[in-house]
Amino acid sequence: QVQLVESGGGLVQPGGSLKLSCAASGSIDWVYAMGWYRQVPGKQREFIAGITQQHIPNVVTSFKGRFRISRDNAQKMVYLEMNNLQPEDTAVYYCNGPIRTWGSPGDYWGQGTQVTVSS
């Protein structure tokens, strides 16, 4: 019954910003970290960032300073704020959790939300 539902994707111009949302429901173990991944067709799904229940972020170096992850434990929401988006950021973005160990995704994935960066 666990469900992760992403929203907030869409078409944005280079240099623009988007904030993605992930709504969690069901019996997911909320004490663990949650995170975001993205996937480009033909490429491996890549980890972007995760955040612990205590709001400690773990952001991949290449995304630091441009992407920011946050969570609302009361509302069981996870967010990914993306700034200065570039065409190479075009991908399907997925919410994931619970993450018990960095480097290993959690068992649950959202359906993905498309982010397209284009003029």
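Higher on the page you've got the structure.
Scoring rules and cut-offs
- Residues numbered from 1 in each chain as written.
- Predicted model: local features only at pLDDT ≥ 70, side-chain atom pairs only at ≥ 80, totals over all residues.
- Heavy atoms only, no water.
- Pairing = 2+ DSSP bridges.
- Helix = DSSP H or I, 4+ residues; strand = E, 2+ residues; numbered from the N terminus.
- Axes fitted to C-alpha atoms, helices over the stretch in contact; angles between N-to-C directions.

Chemist: Kindly report on the sheet that holds strand β7 (residues 67–72), identifying the contributing residues and their values.
Modeler: One open sheet accounts for four strands, arranged β1-β3-β8-β7; its pairing is antiparallel. The open sheet has two edge strands, β1 (3–7) and β7, and neither has a second partner. Between one strand axis and the next, the sheet turns through 15° on average, direction left out of account. Examined bridge by bridge, β1 and strand β3 (residues 18–25) share five bridges and lie antiparallel to one another. Looking across to β3, one finds that S7 is bridged to S21.

Chemist: So what's going on with unusual backbone geometry? Which residues, and what values?
Modeler: Residue P98 is reached from G97 by a cis peptide bond, and omega for that bond is -10°. Look at H55: it is not a glycine, yet its phi comes out positive at around 70°. With respect to the helices and strands, H55 occurs in the loop between β5 (46–51) and β6 (57–59).

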